[in-house]
Structure formats: structure tokens, C-alpha cells
Amino acid sequence: MMKKFFFIAVLAIALVSCKQTEPVRSGSMTVTIGELKFEMVYVNSGSFNMGAVENKYADMDEYPIHEVRLSDYYISRTEVSQALWRSIMDSLPSGMLDTANHCIIADNYPVSCVSYDDCLLFIERLNTESNSHFALPTEAQWEFAARSCNQNTTYAGSDYADQVAVCESSSPAHIGSKSPNALGISDMSGNVAEWCYDWYGIYPETTSVMPAGPDSGTYRVIRGGSFSDDKQKCRVSARYSALPAMRSPNVGFRLILY
């Protein structure tokens, strides 16, 4: 069934209005699918130093620190919710319904137990219905947004995990339960870890422009850490990887829009 889909963007230089959407603060966009709404946050183009610039508990794959230059994009204010997943896919991932995974089933909790390929299928259907260009964030786009462009805090929005991250817990929390970062984006540290577009590989030593990772590989990148991870794994620069077919109650995703 096709679903009604609308956008509204509010920027410093322009305002596009639509009766089916509600204006939000400057730099964000409200997306409406049927009766469901979610927000995308505008990330202005710029450059930043990617990697372990905070230099706390860093692993070797967080080096070398290197400059990255990015064009502008939108990123979802929260992780993809169970309600949004179900609105596109009609049902929750079967792994979430496995009682052994101890998932909390609720519309305003993040979807999990999704493989990288599941995410691509969801995005393909979302783009078909919306005639838009949603995607998974690249690893660089993810880190740039998590750092609020150029803030080198240990976690996404703070040097104190308890302020911004659901971690060292037995279960996730509802989306947006902790303080957002300076861009207004929530849960980029903790709650559920998040698939990124890239194949996992070593960082370059020179400046990169709109990087999207290696051309091929075995593992895909996961960022942000999850509710069950310790604080170290929820650092902004911490990197992880998994086979694209892996499904875990600890791993979900968020969207970008070009």
C-alpha cells in the first residue's frame, strides 16, 4: 500500500510550507508518512579531523587522524524507530520477537535485529514510496554529525557518557531519552549501535573529500556503541564492524537524506 509522504524544510534562507507537515526549528525537516512523523536535521558542509582526536582509550583503527571534507546533508534526529520500520516493512524484524533477545517492543524504541542488507531493503522501499534519496550515512558523515561538526567531545554531545548515552544497561531506552548533541541529534552514543554505509578498512593518511570507505571488503562499519556496551565503546571515534548479514538486538541504524 502506498503511503502519503511529505517534507518540510526550514532553513535560514528559505521556508517551504505544506499543509500536511508542521514547521520545526531552523535547520530541520519534518517527514510525514501517513500519520507518522520523524525529523531530519540539517548538517552544513564543512571539514573536520576524523579519528581519535579526544585521545582517550583509542584503538589503533581510530588512527591516523585525518582531515575530511563533506558536502551538506540531512541526518535523522533519532535512530529509526520500530514505528517507522513497521510503517514501511509492515512488520518488525523476527529477531526482535525472539524472547531470548529481550527486546522491548514499543513504537518509540529503536528497531534492531536488522542486518545491513535489511537496512538497504528498507531504504529502497522508503525511496520508492517517497521518490527521495534516503541512505545509510557514510562513516565520515556519521562522525561529523556526532561531533556536531567540529566539537571534539568524547561522546556525542558531552565528555560525560551519562548525559548523552544509554550504555552499560540491560536494555535500550526509548529514542531521545538522553540529551542531544549541539545539532539536536540524539543517541549517537549508545542505545543501539548503528550501521554505516562503508566497508570497514584502515583510515587514509591524507585529506579525504566525501569518503565512502574502501571499494570492497568483508565487513561493514558499525558506529556509536550500544546499551550493553561499556562507555569506552560509545566514544565518538570508536569503530566496529560486522558481516553484512549479522543481526543483533544491539544494532539498528539511522538515515541520511541528500
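Model, not experiment: these values are computed from the prediction.

Cut-offs and rules
Residues numbered from 1 in each chain as written. Predicted model: local features only at pLDDT ≥ 70, side-chain atom pairs only at ≥ 80, totals over all residues. Heavy atoms only, no water. pLDDT = per-residue confidence, 0-100. Contact = heavy atoms within 4.5 Å. 1 Å grid on protein atoms, 1.4 Å probe; cavity = no way out; pocket = protein on both sides within 12 Å on 5 of 7 lines; lining within 4 Å. Points joined across faces, edges and corners; volume = space filled by probe spheres on them. Nonpolar A, V, L, I, M, F, W, Y, C, P; charged D, E, K, R; others polar. Pairing = 2+ DSSP bridges. Helix = DSSP H or I, 4+ residues; strand = E, 2+ residues; numbered from the N terminus. Core = buried A, V, L, I, M, F, W, Y, C linked by side-chain atoms within 4.5 Å. Buried < 20%, exposed > 50% of the residue type's maximum accessible area, 1.4 Å probe, protein only. Axes fitted to C-alpha atoms, helices over the stretch in contact; angles between N-to-C directions. Phe/Tyr/Trp six-rings, centres within 6.5 Å; stacked < 30°, edge-to-face > 60°. Expected span 1.5 Å × (residues − 1).

Topic: the confidence of the model for the protein chain
In step 1: Residue-level pLDDT values for the protein chain average 90, and 90% of them are 70 or greater.
In step 2: Contacts from residues 1-26, a stretch scored under 50 in pLDDT, to residues over four places away or in other chains number 69 contacts.

As for empty space enclosed by the protein
In step 1: Counted by the stated rule, this structure contains one cavity of 30 Å³ or more.
In step 2: Quantified by volume, the largest cavity comes out at close to 60 Å³.
In step 3: Its residues assigned to classes, the lining of the largest cavity shows nine nonpolar, four polar and no charged.

Things to note about the sheet that holds strand S10 (residues 220-223)
In step 1: The four strands are arranged S11-S10-S8-S12 in an open sheet whose pairing can be described as mixed. If you trace the sheet from one side to the other, it starts and ends with strand S11 (239-242) and strand S12 (251-252), each paired once.
In step 2: Relative to S12, strand S8 (residues 193-199) runs parallel, the two sharing two bridges. Paired with Glu194 across the strands is Gly252, a residue of S12.

Overview of the layout of surface pockets
In step 1: Taken as a whole, the largest pocket spans an internal volume of roughly 270 Å³.
In step 2: Contributing to the lining of the largest pocket are 18 residues, with Lys37, Phe38, Glu39, Thr78 and Ile175 lying nearest its centre.
In step 3: Of all elements in the fold, only strand S3 (36-43) and helix H1 (82-89) reach the threshold of two or more residues within the lining of the largest pocket.
In step 4: Take the lining of the largest pocket: its biggest share by element is four residues, from S3.

Remarks on the nonpolar core
In step 1: Met40, Phe122, Phe134, Trp195, Phe253 and Leu255 are the most contacted members of the largest nonpolar core, which has 32 residues in total.
In step 2: Elements with a contribution of two residues or more to this core: strand S2 (28-33), S3, H1, helix H2 (116-130) and S8.
In step 3: By size, the runner-up hydrophobic cluster in this structure holds 23 residues, among which are Phe48, Ala145, Tyr203 and Val236.

Description of unusual backbone geometry
In step 1: The omega torsion of the bond from Tyr63 to Pro64 falls at -5°, within 30 degrees of zero and hence cis.
In step 2: One can find Pro64 in the loop between strand S4 (46-50) and strand S5 (66-70).
In step 3: Positioned with a positive phi, Asn131 is a non-glycine residue whose angle comes to about 55°.
In step 4: Along the chain, the position of Asn131 falls in the loop between H2 and strand S7 (134-135).
In step 5: Positive phi, close to 70°, is recorded for Asn191, a residue that is not glycine.

With respect to the environment of Ser208
In step 1: Relative to the helices and strands, Ser208 resides in strand S9 (residues 208-209).
In step 2: Residues Ser208 and His66, spaced 142 residues apart in sequence, show a C-alpha to C-alpha distance of 7.8 Å.
In step 3: With residues near it in sequence (within four places) discarded, Ser208 still touches His66, Glu67, Val68 and Arg69.

Here's the deal with the sheet that holds S4
In step 1: Pairing is mixed in the open sheet, where three strands are placed in the order S4-S5-S9. The outermost strands of the open sheet, each flanked by one partner alone, are S4 and S9.
In step 2: Contacts between helix H3 (residues 139-146) and the sheet are confined to S4 and S5, with S4 contributing the most and set at about 95° to the helix.

A short note on the packing of aromatic side chains
In step 1: This structure, assessed with the given rule, holds seven aromatic pairs.
In step 2: Measuring from centroid to centroid gives 5.8 Å for Tyr116 and Trp195, while their planes differ by 75°, and the two rings are edge-to-face. Linking Tyr116 in helix H2 with Trp195 in strand S8, this pair joins segments that are 79 residues apart in sequence.
In step 3: Since its relative accessible area comes to 0%, Trp195 is described here as buried.
In step 4: Each member of the aromatic cluster is reached from another via a ring pair, and the members are Trp85, Phe122 and Phe253.

Section: H2
In step 1: Taking 1.5 Å of rise per residue, 15 residues should cover 21 Å, and H2 covers 21 Å from first to last C-alpha, within 8% of that figure.
In step 2: Looking one or two residues past H2, Asn131 carries a phi angle of roughly 55°, positive in sign.

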